[in-house]
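Architecture and fold: a report
The chain contents come next:
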Amino acid sequence: MDFSEIRTRLEGLDGRTYWRSLDELSGTPEFQEFLHREFPSQAAEFTDPKGRRDFLRLMGASIALAGATACTRQPAEKIVPYVRQPEELVPGRPLFYATAMPLGGYGMPLLAESHMGRPTKTEGNPEHPASLGATDIYGQAAILDLYDPDRSRTVLDRGDVSTWSTFVTAFRNQLNAQAATQGAGLRILTEQVTSPTLADQIQTLLQAYPGAKWHQWDPVFGVMQTSGSAVPAEQATYRLDQADIVVSLDADFLGFGPAAVRAQKDFAKRRRVDHPGADMNRLYVVEPTLTVTGGKADHRLPLKARDVHAFAAALAGAVGAGSSAGAPGAELPADAAKWISAIATDLQAHRGKSVIIAGDKQPPAVHAIARAMNEALGNAGTTVTYGAPVARTNADGVASLRELVGDMAAGRVEVLLILGGNPVFTAPIDLGFAHQLQKVALRAHLSQTVDETSDLCHWHINEAHFLEAWGDIRSFDGTVTLQQPLIAPLYGGKSALEVIAALNGQGDKSGLDLVRDYWMRGVAGQTADSWNVTVGETFDKTWRQALHDGFIAGTSAFDAAASAPVAPAGAAPTAAPAVAGPVGTSGTTQAPSMTGLEIIFRPDPTILDGRFANNGWLQELPKPLTKITWDAVAYMSAHTAERLGLQSRDLVTLSYRGRQQQMPVWVQPGHVDESVTVHFGYGRPKAGRVGSNVGFNAFTLRHADAPWFDGGLEISKTGTYDISTTQVHHSMEGRHLVRAVTREQYAAHPESVHAMAHTPAPDMTLYPKFEYNGYKWGMAIDTATCTGCSVCIIACQSENNIAIVGKEYVGRGREMHWLRVDTYYAGNIDTPETYHQPVPCMQCENAPCEQVCPVAATTHSAEGLNDMVYNRCVGTRYCSNNCPYKVRRFNFLLYSDYSTPSFDMMRNPDVTVRSRGVMEKCTYCVQRINHVRGDAKTEGRSIRDGEIQTACEQACPSDAIVFGDLNDPNSRVSKLKAQERNYGILEDLNTRPRTTYLAAVRNPNPALEPAATQTSQPARH
């Protein structure tokens, strides 16, 4: 791959040119193969016996992941047959229950779908302020973990099967032995905790053993850049729907974190352009690695992670919020002064309506600078509020873990209870956690699988899935969210709450009783949390309402912000909160090493820190921007790769602080020079049949004093490595389908979007005209708000029982996802613009697939859907060959096992089961259409607009996907299609797609926008 030739080629083109990958620009063999053959060579599936064994192993995993090996068990209560069926239960129709998914200590509010007592799907809770009905990829994939066949099924005592009662008795005996020293040898290690009831139970245990200590460690959440730095005294909550200008200082607030779903909701509200000239926000992003947030930026400056501090300080000086002195040794790029001046001017012009967000991977000093700017600009109280941290018991995770390791090394820890997490795998390598753990006389671990940490503990307690257990947890905004189970524990697992309660002598109480009692005591003022029951109502009635809603109303930071006093614009800023260090330190930050390449650590975009490594859906989900599956890679810029003589797919050895780790290279457009980003979470030795020994373990390089970035990295090439990425799949062969304009261009020439392509006249067709007298379904996708987060893909997979195929078959172009999200770049390869385009079946009015099917397996419905009759399909694949959008998927192999009844527990019973040799595709979730149609018919009315939501539409955090009736001129989809921004892809083929798009609109600052992109030249296609 010749990067100089690529740059020369791009510079020689007229107008705006879109491209999807460096492989496409350079015409690599991998790209050429996918270009010339929809299904590449190596068609013989089982020429290699080892390959056959590997496929069967994966097939068994995907099968088993779609169902448990035990049948559904209802709670142990007396069961009687129906005399009178409960009125809320209709056979064949699901029920929904509000619950919450814990992740990083915070709760993701969900509605769980249940079919006859078995959970099958999760959706966002539309009433909950933390999500407003949307979800992220982890919430959508959670159902797969519930039925994971590798979940632990019993309590283990040194590897031998034991019982829960035996463990409780043995552990309480050890606690009794600790009474003489008031528990001086007892330690509890948890992940970050925001559950009021669990925190109360732990405090009760600590009161009984005041010499004991509680430690918290999570490798992703609650870890500051500098070892020993405490979290900020107050937590920021952002109102992005109120912000005209947003500045991100290495903050991927749209793509990652417990607040990302609500952030996308609010950000998208200010990104919609309902008419030419409409107001929209502007986003500046300063970051080293291209992220989901950076991909939506109007202006993005690639900057080393260690230089963000200096940039923030200089920006603060420019807006009058403090000194411009930055971090020592920082090297800002030559054009940084221009950026700082332009951003500062924009911020000053939008005082009180702007916001600066510091990333959680940056040190506390950057957070203090961001707060000082927000207060100086009058943003505090409007676009951002500061309040007590949601995780009230939280401390710096690295400092807490270091203290625990020190105590273990000194022999001061005699009993260690680890509730969740996997610290043996995730702890900083220099702390030596695994080695010191083995010095503890008695160690027990609660987890859903027998993982790396359980393997080194005496006791393993099988943990209940969150859909099997009662609990409470706070969302990122502080909302107390109730977690209620939908099914009895499949394997008798226990929650962390039940474990601590048993050690407190409350083992006879259920999880429901523990949570309910805590909040009942809160009404009486006997807990740290109060709950004011409405006058005239009983606790039981209020409790039932909270269970129904899924949360306790009035506990959100958004509620508090609504009544908080607003700081006047221009008011003098208050002093930034002091950031305290641990005892014996000054609290100052340590500057990272400035030698060698910068190494940047980030959690993997799909499997996080490895906790989802055994989730096949998340392993096979193409990662945002790169579309890599089943692997971790080392990202670097084209300039850095060129200087080091490297290409994508080269295998290199990363040398850092005396340790080495191999990893393949991926050249990523937009990455900052002289930095390398590695994602941790892969390379687990005990992750289950899907995730074990997959990829490379970046945790072997991560140190406690620099958990997110540092200098001193060296690289040497050692070979090549096969990477499966879908970014080169489904090429449109030069007809790039994304369209983008600036806000000014759209205001001046709204018709320019349609001038970019030719649309044949309506009568230019051989198809007979058909009148749709009933419903006429269609979809519009707003690329201006789509962030490319890919939650729509997982939602579609869960809803429609779509199988995974594994890395090898993804590499052959045989992934089965019915929906893909294409990423396009525009401009040069060093600082490109980024655009996303979800591509489902277009549901063409003049569908080219229908005319070539010899058995009429694909047909047109009376409501305009391009239907698939699976039991007619004989696998000729003519329809796929004739589809210009490449949205049909053929299951060459039986990727799922439908012969084992218990595996059906998770599958949606409303979706047709497919075997091998059948073409599959998006159906606009026709099963959901039929459900609502039946309800409307029963009630004698028409289907209301918005009453039907496709799975992708319902999950989308940015509300980019809208489905509805095109025959209703007042429907949301009709109004969107009436906009000037609306266009269909490949319209010149006269396929008349029912799925159309709204062109992306950028809002660049003229002071930073290159002159070449300020013109109104149409895009090249």
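This is a predicted model, so every value here is computed, not measured. Counting starts from 1 at the beginning of each chain's written sequence and moves along it residue by residue. Selection of residues for local features in this predicted model requires a pLDDT of at least 70, selection of side-chain atom pairs for listing and counting requires 80 or more, and totals for whole chains, interfaces and linings are taken over all residues. Excluded from the side-chain calculations are hydrogens and water; all other atoms, namely the structure's heavy atoms, are used.

Segments assigned H or I by DSSP are reported as helices when at least four residues long, segments assigned E as strands when at least two residues long, and all are numbered from the N terminus. In terms of regular secondary structure, the protein chain is built from 28 helices and 40 strands. Here's how the labels work: a residue is buried when its accessible area is under 20% of the maximum for its type, exposed when over 50%, partly exposed in between, all with a 1.4 Å probe on protein chains only. Taken across its 1021 residues, the protein chain has 61% of its residues classed as buried.

Bringing the nonpolar core into the picture now. Met408, Leu416, Phe433, Val678, Ile715 and Trp777 are the most contacted members of the largest nonpolar core, which totals 169 residues. The definition of a nonpolar core used throughout is a set of buried Ala, Val, Leu, Ile, Met, Phe, Trp, Tyr and Cys residues joined through side-chain atoms within 4.5 Å. In terms of nonpolar packing, the next biggest core, distinct from the first, is built from 32 residues, Val286, Ile340, Ala358 and Ala372 among them.

The convention used is that axes are lines fitted to C-alpha atoms, helices contributing only their stretch in contact, and that angles between N-to-C directions extend from 0 to 180 degrees. The interhelical angle for the contact between helix α7 (residues 196-208) and helix α16 (residues 496-503), taken along N-to-C directions, is 25°, at an axis separation of 9 Å. Our classification of the angle between α7 and α16 gives roughly parallel. Between α7 and α16 lies a crossing whose hand is left-handed. Between α7 and α16, the contacting residues are Thr197, Leu198, Gln201, Ile202 and Leu205 on the first element and Ala496, Leu497, Ile500, Ala501 and Leu503 on the second. Any residue that is not Ala, Val, Leu, Ile, Met, Phe, Trp, Tyr, Cys, Pro, Asp, Glu, Lys or Arg is counted as polar, Gly included; the first ten are nonpolar and the last four charged. For the contact of α7 with α16, a count of residues per class yields eight nonpolar, two polar and no charged. Roughly parallel refers to an angle under 35 degrees, roughly antiparallel to one over 145, roughly perpendicular to one between 65 and 115, and oblique to any angle outside these ranges. In this scheme the handedness of a crossing depends on how the near helix is turned from the far one: anticlockwise by less than a right angle means left-handed, clockwise means right-handed. Throughout, a residue-residue contact means that at least one pair of heavy atoms, one from each residue, lies within 4.5 Å.

Let us now look at the sheet that holds strand β22 (residues 634-636). Reading around the barrel, the six strands line up as β20-β25-β22-β24-β23-β26 and close back on themselves, with mixed pairing between neighbours. The mean inter-strand angle of the sheet, taken between neighbouring strand axes irrespective of direction, is 45°. For two strands to be treated as a pair, DSSP must find no fewer than two bridges joining them. Bridge analysis of strand β23 (residues 650-656) against strand β26 (residues 709-720) gives six bridges, and the strand direction is antiparallel. Among the inter-strand pairings, Asp650 is bridged to a residue of β26, identified as Thr720.

Moving on, we come to the packing of aromatic side chains. Stacked, edge-to-face and tilted are the three classes for Phe, Tyr and Trp ring pairs, Trp counted by its six-membered ring, which pair at centre distances within 6.5 Å; planes under 30 degrees apart are stacked, over 60 edge-to-face, the rest tilted. Under the definition given, this model contains 19 aromatic pairs. Where Phe696 meets Tyr721, the ring centres are 5.1 Å apart and the plane angle is 65°; that geometry is what we call edge-to-face. One end of the pair, Phe696, is in the loop between β25 (675-680) and β26; the other, Tyr721, is in the loop between β26 and β27 (724-725), with 25 residues separating them in the sequence. According to the relative accessible area criterion, Phe696 is buried, its value standing at 13%. One aromatic cluster in this structure is built from Trp164, Phe167, Phe171 and Trp459. It is Lys361 that lies over the ring of Trp708; its NZ or CZ is 4.8 Å from the centre. Note on criteria: charge over ring means Lys NZ or Arg CZ within 6 Å of the ring centre, with the direction from the centre no more than 35 degrees off the ring normal. Arg914 extends its terminal NZ or CZ atom over the ring of Tyr870, reaching a point 5.7 Å from the ring centre.

Here we come to the pattern of salt bridges. Note on definitions: salt bridges are taken to be side-chain nitrogens of Lys or Arg within 4 Å of carboxyl oxygens of Asp or Glu. Counted under the stated rule, the structure contains 51 salt bridges. For Arg270, the salt bridge goes to Asp244, with nearest N and O atoms at 2.7 Å. You can see Arg270 sitting in the loop between α8 (260-269) and β11 (282-287) and its partner Asp244 sitting in the loop between β9 (235-238) and β10 (245-249), a full 26 residues away along the chain. Taking the relative accessible area as the measure of exposure, Asp244 reaches 16% and is therefore buried.

In this section: the sheet that holds strand β38 (residues 995-998). A sheet is described by the order of its strands in space; here four strands give the open sequence β36-β29-β38-β37, paired in mixed fashion. Unpaired on one side and paired on the other, β36 (961-965) and β37 (982-983) mark the two borders of the sheet. Sheet topology note: the β37/β38 ladder contains two bridges and is antiparallel. Each bridged residue has a counterpart across the sheet, and for Tyr983 the counterpart in β38 is Tyr997.

Right, let's get into the packing of α16 against helix α17 (residues 511-523). It is the contact of α16 with α17, at a shortest axis distance of 10 Å, that shows an interaxial angle of 80°. Relative to α17, the element α16 lies roughly perpendicular. Packed against α16, whose contacting residues are Leu497, Glu498 and Ala501, the element α17 presents Gly511, Leu514 and Val515 at the interface. Per-class residue counts for the contact of α16 with α17 are four nonpolar, one polar and one charged.

On to the environment of Lys353, then. If you trace the backbone, Lys353 turns up in the loop between α11 (336-349) and β13 (354-358). The class for Lys353 is partly exposed, based on a relative accessible area of 47%. The spatial distance from the C-alpha of Lys353 to the C-alpha of Asn379 is 6.2 Å, given a sequence separation of 26 residues.

An expected span of 1.5 Å times one less than the residue number is assigned to each helix. Spanning 13 residues, helix α13 (residues 397-409) covers 18 Å between terminal C-alpha atoms, matching the ideal 18 Å at 1.5 Å per step. Along α13, the residues classified as buried are Gly397, Val398, Ser400, Leu401, Leu404, Val405, Asp407 and Met408. Tucked inside the fold, the buried residues of α13 contact β7 (186-190), β8 (213-216), β15 (415-419) and α15 (433-437). Of the residues flanking the end of α13, it is Gly411, one or two places downstream, whose phi is positive at about 80°.

With that settled, the discussion passes to the side chain of Ser861. Along the chain, Ser861 falls in the loop between β32 (858-860) and β33 (866-868). Using a relative accessible area of 18% as the deciding quantity, one classes Ser861 as buried.

Once that is clear, we can look at unusual backbone geometry. Here Trp630, not a glycine, exhibits a phi torsion of approximately 60°, which is positive. With respect to the secondary-structure elements, Trp630 resides in the loop between β21 (628-629) and β22. Of the residues examined, Trp630 reaches a relative accessible area of 5% and is grouped as buried. Notably, Asp959 is not glycine yet its phi reads approximately 55°, a positive angle. Looking at the secondary structure, you find Asp959 in the loop between α27 (951-955) and β36.

This next bit is on the pairing of β11. Remember that side chains alternate between the two faces of the sheet whenever the strand is regular. The buried fraction of β11 is high, at six of six residues. What you see with β11 is no split at all: Arg282, Tyr284 and Val286 on one side and Leu283, Val285 and Glu287 on the other are buried throughout. Sheet topology note: the β10/β11 ladder contains five bridges and is parallel. Bridge pairing in β11 links Leu249 to Val286. By definition, the crossover connecting two strands over a helix is right-handed if that path, from the first strand to the second, turns clockwise as seen with the strands pointing away from the viewer. Crossover connection from β10 via α8 to parallel β11: handedness right-handed. Judged from the four bridges that link them, β11 and strand β12 (residues 299-302) form a sheet pairing that is parallel. Paired with Glu287 across the bridge in β12 is Pro302.

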